[in-house]
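Residue-level structural notes
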Amino acid sequence: MATWSNFNLQNSASPLMEQIIFFHDHTLIILIMITILVGYLMINLFFNNYINRFLLEGQMIELIWTIIPTITLIFIALPSLRLLYLLDELNNPLITLKSIGHQWYWSYEYSDFNNVEFDSYMIQYNKSTPDNFRLLDVDNRIILPMNNQIRIMVTAADVIHSWTVPSLGVKIDANPGRLNQTNLFINRPGIFFGQCSEICGANHSFMPIMIESISIKNFINWINNYS
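Remember, predicted model here, so these are calculated numbers, not experimental data.

Focus on the UniProt feature "transmembrane region" (unreviewed entry) in the protein
UniProt feature "transmembrane region" (unreviewed entry): in the numbering of this structure it lies at residues 21–43 and 63–85. With 100% helix and 0% strand, the stretch residues 21–43 has end C-alpha atoms that lie 33 Å from each other. The span residues 63–85 carries 100% helix and 0% strand; its end-to-end C-alpha distance comes to 33 Å.

Some details on the domain arrangement of the protein
The domain architecture assigned to the protein consists of domain 1 (15–88) and domain 2 (95–225). For domain 1 versus domain 2, the distance between C-alpha centres works out to 39 Å. Summed over both sides, the interface of domain 1 with domain 2 buries roughly 500 Å², with 49% coming from carbon and sulfur. Its largest share of buried area at the contact with domain 2, domain 1 owes to Pro15, Leu16 and Met17, together 69% of the area lost on that side. At the junction of domain 1 with domain 2, the criterion picks out zero salt bridges. Applying the counting criterion to the domain 1 and domain 2 interface returns one residue pair in polar contact (both at pLDDT 80 or more). Here the side of domain 1 that touches domain 2 gets five residues from one element, more than from any other, and that element is helix H1 (residues 15–47).

Considerations on the layout of surface pockets
Here the largest pocket is characterised by a volume of approximately 680 Å³. What lines the largest pocket is a set of 18 residues, among which Leu37, Val38, Leu41, Trp65 and Ile68 lie closest to the centre. At the level of secondary structure, the elements contributing two or more residues to the lining of the largest pocket comprise H1 and helix H2 (59–88). Among the elements that line the lining of the largest pocket, the one with the most residues is H1, at nine residues. Among the residues making up the lining of the largest pocket, the classes are represented as 15 nonpolar, three polar and no charged.

Parameters and conventions
Residues numbered from 1 in each chain as written. Predicted model: local features only at pLDDT ≥ 70, side-chain atom pairs only at ≥ 80, totals over all residues. Heavy atoms only, no water. UniProt positions renumbered as here; feature names shortened; annotations may be inferred. Helix = DSSP H or I, 4+ residues; strand = E, 2+ residues; numbered from the N terminus. Domains from an automatic or database assignment. Buried area = accessible area lost by both parts, 1.4 Å probe. Salt bridge = Lys/Arg side-chain N within 4 Å of Asp/Glu carboxyl O. Polar contact = N/O pair within 3.5 Å; in protein donor to acceptor, adjacent residues only side chain to side chain. 1 Å grid on protein atoms, 1.4 Å probe; cavity = no way out; pocket = protein on both sides within 12 Å on 5 of 7 lines; lining within 4 Å. Points joined across faces, edges and corners; volume = space filled by probe spheres on them. Nonpolar A, V, L, I, M, F, W, Y, C, P; charged D, E, K, R; others polar.

In structure tokens, the structure reads:
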């Protein structure tokens, strides 16, 4: 989860988030190189005394400053396209979770099991205990098995919401009358937090998402006990 004074991305808990962090670092290095080069050229431009009254054109330098940015954009675009296809790919999901956005809470349905559905409300501050995470804890957590492919179906019942869990690399809009699909693969146990990141109203930041990742054996026991 995010902590105070943390300027970095959250630690990844899925292979997709790892790839997103790699792409972020790759692009950031390119941007730093561009910034240093442009800054160096601008400083030189301000402080040099070169004058050429007869210079009318410079086709070679124009060719160079057109080709170099093109090559730079290719180095950014190719990994970006690869990542987009990876994020959109869905291979043999084990279970399907349906998430429905309401004002101001989420509803969840485990479509593969009978009668496994619940609403997830944020725990109010005056009702929380020292064990709860302020403004992030919910009364009903999403329980998911780790090391398995999971399909997430997202929609909304009233206005546009956005189902976002940063440490899992998932962000998908929930639109009324539309069903969006994404996937996630959690590679370690733990508790992961998210929030509605769409501007759906005054309280959109108070409808948190809380995922608890457990082993497949414990997940099956939870399903049996819930039913």
